[in-house]
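Each chain, letter by letter, is given below.
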Amino acid sequence: MLLETGCGGLNDATNVVAAPAAAIVMPIAIDHTERFGNSVPGVAAEKAGIIKPGRTAVIGRRVPEAAAVLEAHAAAVGAPLYRMGHEWQAGPCGAGWRYAAADGAF
């Protein structure tokens, strides 16, 4: 099952799932400013709320301010973190897409 957060992450209803298989954090932008403030680190902190202790977290490329917040949260809760451009890559290949892990597996 794939659940999408509707209210950012930290206080989202999807948090009823205490031990998800993984948390995937999509791009971070200045959105929902009435709830999360008007800074990228503030939005990232809210979205980091879906990263659970000991559970895998996956993030795509991020601006440094957002990446720092997500990386710090994952470390604080002991969540293995897979970052695009570091532990994995993905991109267009011919008519499709190609995924490659840091160890060369795809």
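Scoring rules and cut-offs
- Residues numbered from 1 in each chain as written.
- Predicted model: local features only at pLDDT ≥ 70, side-chain atom pairs only at ≥ 80, totals over all residues.
- Heavy atoms only, no water.
- Salt bridge = Lys/Arg side-chain N within 4 Å of Asp/Glu carboxyl O.
- Helix = DSSP H or I, 4+ residues; strand = E, 2+ residues; numbered from the N terminus.
- Buried < 20%, exposed > 50% of the residue type's maximum accessible area, 1.4 Å probe, protein only.
- Contact = heavy atoms within 4.5 Å.
- Pairing = 2+ DSSP bridges.
- Axes fitted to C-alpha atoms, helices over the stretch in contact; angles between N-to-C directions.
- Lys, Arg positive; Asp, Glu negative; His and termini not counted.
- Polar contact = N/O pair within 3.5 Å; in protein donor to acceptor, adjacent residues only side chain to side chain.

**With respect to the pattern of salt bridges**
Applying the stated rule across the entire model yields two salt bridges. The salt bridge partner of E71 is R83, with a shortest N-O separation of 3.4 Å. Note that E71 is positioned in helix α3 (residues 64-77) and R83 in strand β3 (residues 81-83), a separation of twelve residues in sequence. Its relative accessible area of 31% is what places E71 among the partly exposed residues. Here R83 and E87 are joined by a salt bridge, their closest N and O atoms 2.8 Å apart. On the accessibility criterion, E87 (22% relative accessible area) is partly exposed. Sharing partners across several salt bridges, the network here consists of E71, R83 and E87.

**Brief notes about the environment of L3**
Relative to the helices and strands, L3 is located in the segment before β1 (22-25). In contact with L3, not counting residues within four places along its chain, are T14 and V17.

**Side note on the sheet that holds strand β2 (residues 56-59)**
Pairing is parallel in the open sheet, where three strands are placed in the order β1-β2-β3. Here the strands that pair on one side only, and so sit at the sheet edges, are β1 and β3. Direction aside, neighbouring strands of the sheet carry axes that sit 15° apart on average. Pairing of β1 with β2 involves four bridges; the strand directions are parallel. Within β2, the position partnered with A22 by the bridge is T56.

**Here we look at the side chain of K52**
Along the chain, the position of K52 falls in the loop between α2 (40-47) and β2. Put simply, K52 is tucked away with no salt bridge, and the nearest opposite charge, on D12, sits 8.7 Å away. One polar contact links the side chain of K52 to the main-chain carbonyl oxygen of G49, over a distance of 2.9 Å. Setting aside residues up to four positions removed in sequence, K52 forms contacts with N15, V17, A18, P20, V77 and A79.

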